[in-house]
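Coordinate inspection notes
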Amino acid sequence: MQSEQIPRSVVIPIIDFSPHSPYNIRTLLTDLEAVSGEVICIFNSREVYEALKDHPRIDKYCFNNLNAGVSRSWNMGIDMAEGKAVYIMNSDLKIGPAAIPELEKYLFSLDRAVIVGPQGSWIDYRHLCDIRYFQKGNFAEPISCDGVSGFFFAIHLERFLENGLTFDVRYSPCFFEEWDMGLQLKRAGLACYAVPVTDFEHHWGISQSEGDTPIHYFGRTLYRNDILLSNRDKFVQKWRRVIDGADASVRPKPVQPADPSPGKRTDPDVFPAIGVERLLDFIARVQEQSYAEPVTVEHTQITVQMVNEFFGRYSLTAPARILDVGCGPGVALDLFREKGHRATGITISDEDIKVCRARDHHVLKMDQSFLMFPDGSFDFVWVRHCIEHSLFPFFTLSEFFRVLDSGGYLYLEMPAPGTTGRHESNINHYSIMSKEMWASLIGRAGFMLLEAINLNFDSPAGAEEYWAFICRKPTIDMRDIH
């Protein structure tokens, strides 16, 4: 059967007129005038419904007085669809004439394909992050992947329905529904693919929003970061056996670099299991040397000074999502709250956790090198006098990079070596290095270094010097999970 003879259904959930993008539902409906098949709109606001309910390119619609969320909207559209191929599109998408025929060609020719999309990823389920993200223009052949991005994809409706598939509404209003579907497909012996289709444009909305964006869902207001963390927990609970490697029907893809070299990472001669166990034992022993830092006038003054200087120079829309790494008793957390931001603190000190929670701060027990947050969870990571306690600072910096959203900021401060404080001799200081070495690692981790600041002052022991680095994660296409 030729692709132009395959009946199509296009499903478009709509909540607004996409103020973040030059494209919106009106421009998309214009693009679809040249595409055969039915158009089904799922209206999630009265304003858009009233404006477009009589649009000549809309063949069917469902009107929800309140936002029903991504999964429910997709399911509603699929239930109404009569085409053999169902296309899910964000309303801020712009499509060219080649996009749908090319997706269709792959959908009906690839082995066991149920879902295909122009962007997708390989996923490390154990660490809940992408191993590799395939985005527009960076791959030339179809890639069997773990999930496709939800802004634009096609469904083989017959296979979808025959296997009892549905998007899990427990992830409403958004996040993790694509990862969940990818695992549903694997369990059923089916597949999804990222395919090299490029005739489209898309501007990220909630996935790359500034601050902890409010989302109105079923008449109540939720916040983007809260939803992300909550749905992460739901995903972990649902797929625990996959994450632990116990489910033989769904084997997680081995963690490999983008272009793996022979013998790297999975070679047992290089990384034997006993060696990994020794490393974990060593980390546990070292953590026993940690202690709660006492509050000092110098540290409090510098914290106040640098928080004010940062917010005086760089713009973060309140309420921004802030991670305070090694938060101590909460001096910086107090300041962030006063400025109207939503801060999370982490520490491995039970004493500091108790103090911070007594002051109603959100604080978790967590090691700075093993952050249990999804990619892109924060707009600003504040790390003051913590990185020097890392056993492997390059890896730790890479974790800071991972949990920052595109365009997010990192404030990094540490003591200089060779001062009267003799910080290199501190029992739990493991990384007291030169300024040049820190700048090199910051760059290797992927950050742009915006400022390097010398902080000189007199301490009871004599002249003292700290170094501060203000860095930014480059603005790139978000590794989308919505």
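Scroll up to find the structure.
Residues numbered from 1 in each chain as written. Predicted model: local features only at pLDDT ≥ 70, side-chain atom pairs only at ≥ 80, totals over all residues. Heavy atoms only, no water.

Turning to the overall build of the protein, a few remarks are in order. When helices and strands are counted, the protein shows 14 helices and 22 strands. In the protein, which comprises 482 residues, the proportion classed as buried is 53%. When contacts within the protein are restricted to residue pairs at least 6 apart in sequence, those whose partners lie at least 24 apart make up 72%. Approximately 21,200 Å² of the protein is accessible, and the part contributed by carbon and sulfur atoms is 52%. (Helix = DSSP H or I, 4+ residues; strand = E, 2+ residues; numbered from the N terminus. Buried < 20%, exposed > 50% of the residue type's maximum accessible area, 1.4 Å probe, protein only. Contact = heavy atoms within 4.5 Å. Areas by Shrake-Rupley, 256 points an atom, 1.4 Å probe, with all protein chains shown as cover.)

Looking now at the sheet that holds strand 17 (residues 342-347). Read from one edge to the other, the open sheet built from seven strands follows the order 18-17-16-19-20-22-21, with strand pairing classed as mixed. The open sheet is flanked by strand 18 (362-365) and strand 21 (448-459), the only strands paired with a single partner. Taken over all neighbouring pairs, the strand axes of this sheet differ in orientation by 15° on average, direction set aside. In the sheet, strand 17 pairs with strand 18 via four bridges, with the strands oriented parallel. Residue pairing across strands places Ile346 opposite Leu364, the latter belonging to strand 18. In the packing of helix 12 (residues 350-358) onto the sheet, contacts are made with strand 17 and strand 18, and the angle to strand 18 comes to roughly 165°. (Pairing = 2+ DSSP bridges. Axes fitted to C-alpha atoms, helices over the stretch in contact; angles between N-to-C directions.)

Now for the packing of helix 13 (residues 393-403) against helix 14 (residues 435-444). How two helices pack is summed up by the angle between their axes together with the distance between the axes. One can describe the packing of helix 13 onto helix 14 by two numbers: an axis separation of 9 Å at closest approach and a directional angle of 45°. Here helix 13 is positioned oblique relative to helix 14, judged by the angle of their axes. Note on packing geometry: the crossing formed by helix 13 with helix 14 is right-handed. Together, Pro393, Phe394 and Leu397 of helix 13 and Trp438, Leu441, Ile442 and Arg444 of helix 14 make up the contact between the two elements. Class assignment of the residues belonging to the contact of helix 13 with helix 14 gives a composition of six nonpolar, no polar and one charged. (Parallel < 35°, antiparallel > 145°, perpendicular 65-115°, else oblique. Left-handed = near helix turned anticlockwise from the far one by under 90°. Nonpolar A, V, L, I, M, F, W, Y, C, P; charged D, E, K, R; others polar.)

Before going further, it helps to examine the sheet that holds strand 2 (residues 38-43). Taken together, eight strands build an open sheet; the order of strands is 3-2-1-4-11-6-12-9 and the sheet is mixed. Of all strands in the sheet, those bounded by a partner on one side alone are strand 3 (60-63) and strand 9 (143-145). Averaged over all adjacent pairs, the angle separating strand axes in this sheet is 25°, with direction ignored. As defined by bridge partners, strand 2 adjoins strand 3 across four bridges and the pair is classed as parallel. Pairing of Ile40 across the sheet is with Lys60, part of strand 3. Contacting strand 1 (8-14), strand 4 (85-89), strand 6 (113-117) and strand 11 (152-156), helix 4 (residues 99-107) crosses the sheet at an angle of about 150° to strand 6.

Attention now moves to the pairing of strand 22 (residues 462-472). Across seven bridges, strand 20 (residues 404-415) lies against strand 22 in antiparallel orientation. In the sheet register, Glu413 faces strand 22, and the bridge partner there is Ala468. When strand 21 meets strand 22, the two strands line up antiparallel, connected through 11 bridges. Considered in strand 22, the bridge of Ile453 is made with Ala468. Between strand 21 and strand 22, which follow one another and run antiparallel, lie two residues.

The next point concerns the pairing of strand 1. By the criterion of burial, strand 1 is predominantly enclosed, with seven of the seven residues buried. The two faces of strand 1 match: Arg8, Val10, Ile12 and Ile14 on one face and Ser9, Val11 and Pro13 on the other face are all buried. Relative to strand 4, strand 1 runs parallel, the two sharing four bridges. From the neighbouring strand, Val11 faces strand 4, where its bridge partner is Ile88. The pairing of strand 1 with strand 2 spans six bridges and is classified as parallel. Note that in strand 2 the partner of Pro13 across the bridge is Ile42.

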